[in-house]
Amino acid sequence: MVSTVAKLLSVAEPAKMEKPYKKQVLLFYCVESQELAQKISAQSDLIQLQSINWRSFDDGFPNLFINNAQDIRGQHVAFLASFSSPAVIFEQLSVIFALPRLFVASFTLVLPFFPTGSFERMEEEGDVATAFTMARILSNIPVSRGGPTSLVIYDIHALQERFYFGDHVLPCFETGMPLLKQRLHQLPDANNVVIAFPDDGAWKRFHKQLDHFPTVVCAKVREGDKRIVRLKEGDPAGRHVVIVDDLVQSGGTLIECQKVLAAHGATRVSAYVTHAVFPKKSWGRFVHTDGKKSRRAFSYFWITDSCPMTVKEIANKAPFEVLSLAGSIADALQI
């Protein structure tokens, strides 16, 4: 009787959870993403780089060759893409559509920056939502032996764009915010940091990931034919204010925000964007001249390497500092 009661009262040892299976991944990449691909490979012995011959015929159309095509059968395969301009999209799509057909065990497309993401809605009849067009193209990637393609994108402009994709792809939306938070905690004035959002859209997008920091929200208001940035809520006085957004193009909004924050007493202003697009070298507006920071300049401007062409252009130019996605992508390849 005693032994029976003892057995009933005894707490069974919890079953030991098996360690998750780690898969070997063969990583292909486009030409401009080579440096990022090498950084990703350096994160894990399970990620091996593969090569593609990127050539062109005399008429300019791509002449492509996937090296060791037979050796990748039954392997987990990934492709690191960069749709930096329409000129390079077609050749990469050609490879992206070919790889799953080579009897691979699974296929993952890593597209850190979804370039048409900010063109996701129609404001009047005749507007073309190119974000939907790009999503439909990627939704038609052939299914591999392992099933639908996994599509890894960082800080897409609008989360509802996940519904633009069809059932042949599985969008995995990642974020660069952990990289920013890690860097902010390394600052000597980390306890004095305030996060600023340039508009309500950025606040909705990121405030939950940065909720342990005090926040400031700006807003764009229309005055006549102009859109003026105003301080909507929060107090930047005496603080190191970091403006956070998903991407930057010309940088005009960030500059106007910096002026407003400085006028309200911010002692330092910095910025973070995941995607530094900077068309027509507009990053030049932020560079410290002669290596010195002017009174109105940004203290830091953090970006990721989601736009590799920009990373090459701003190398060693203050106030820019690159926070690499390599570790995060390496982790995503194991999902």
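Scroll up to find the structure this text is about.
A short tour of the structure in this document, coming up. (Residues numbered from 1 in each chain as written. Predicted model: local features only at pLDDT ≥ 70, side-chain atom pairs only at ≥ 80, totals over all residues. Heavy atoms only, no water.)

Description of the overall build of the chain
Logical step 1: Of regular secondary structure, the chain possesses nine helices and 15 strands.
Logical step 2: Here the C-alpha coordinates of the chain stretch approximately 85 × 65 × 45 Å along the principal axes.
Logical step 3: Considering only contacts within the chain whose residues lie at least 6 apart along the sequence, 67% involve residues at least 24 apart.
Logical step 4: Element-wise, carbon and sulfur atoms account for 52% of the exposed surface of the chain, whose accessible area totals about 18000 Å².
Logical step 5: Mean positive and mean negative side-chain charge positions of the chain (36 and 34 charges, respectively) differ by 4 Å. (Helix = DSSP H or I, 4+ residues; strand = E, 2+ residues; numbered from the N terminus. Contact = heavy atoms within 4.5 Å. Areas by Shrake-Rupley, 256 points an atom, 1.4 Å probe, with all protein chains shown as cover. Lys, Arg positive; Asp, Glu negative; His and termini not counted. Charge placed at Lys NZ, Arg CZ, Asp CG, Glu CD.)

Some words on the pattern of salt bridges
Logical step 1: The tally for this structure, following the rule as stated, stands at six salt bridges.
Logical step 2: Linking K39 and E35 is a salt bridge whose minimum nitrogen-to-oxygen distance equals 3.8 Å. Placement of the pair is K39 and E35 together in helix α2 (residues 34–42), with a separation of four residues, close to one helical turn.
Logical step 3: Residue classification places K39 among the partly exposed positions, given a relative accessible area of 34%.
Logical step 4: Here E313 ties to K281 by a salt bridge, and the two come within 3.2 Å at their closest N and O atoms. Pair noted here: E313 is in helix α8 (residues 308–313) and K281 is in the loop between β13 (268–276) and β14 (301–304), with a separation of 32 residues, a long-range link.
Logical step 5: In this structure E313 comes out as partly exposed when scored by relative accessible area, which is 29%. (Salt bridge = Lys/Arg side-chain N within 4 Å of Asp/Glu carboxyl O. Buried < 20%, exposed > 50% of the residue type's maximum accessible area, 1.4 Å probe, protein only.)

Here's the deal with the packing of aromatic side chains
Logical step 1: For the structure shown, the criterion picks out 12 aromatic pairs.
Logical step 2: Ring plane angle 90 degrees and centroid distance 5.6 Å describe the contact between F132 and Y164, whose orientation is recorded as edge-to-face. With a gap of 32 residues between them, F132 in helix α4 (residues 130–138) and Y164 in the loop between β7 (149–154) and β8 (169–174) connect regions that are remote in the sequence.
Logical step 3: According to the relative accessible area criterion, F132 is partly exposed, its value standing at 37%.
Logical step 4: Linked through ring pairs, F278, F286, F298, F301 and F320 together constitute an aromatic cluster.
Logical step 5: Looking at R183, its charged tip hangs above the ring of Y300, at a distance of 5.6 Å from the centre. (Phe/Tyr/Trp six-rings, centres within 6.5 Å; stacked < 30°, edge-to-face > 60°. Lys NZ or Arg CZ within 6 Å of the ring centre and 35° of its normal.)

What to know about a negative patch on the surface
Logical step 1: Taken together, the side chains of E123, E124, E125 and D127 present a region of like negative charge at the surface.
Logical step 2: When you line up the elements, E124 lands in the loop between β6 (106–110) and α4. (Patch = residues over 30% accessible without salt bridge, like charges linked within 9 Å, V, L, I, M, F, W, Y side chains within 5 Å.)

As for the nonpolar core
Where a protein is soluble and globular, its nonpolar side chains tend to be buried together.
Logical step 1: Grouped together as the largest cluster of nonpolar side chains are 32 residues, with contacts concentrated most on F79, F114 and L138.
Logical step 2: At the level of elements, β1 (25–29), β5 (76–80), α3 (86–98), β6, α4, β7 and β8 are the ones that each hand at least two residues to this core.
Logical step 3: Core analysis: the second largest hydrophobic core is formed by 27 residues, A196, C257, V260 and A266 among them. (Core = buried A, V, L, I, M, F, W, Y, C linked by side-chain atoms within 4.5 Å.)

Remarks on the environment of G234
Logical step 1: On the secondary structure map, G234 appears in the loop between β11 (226–233) and β12 (240–248).
Logical step 2: Those residues in contact with G234 that sit more than four places away from it in its chain are T215 and V216.

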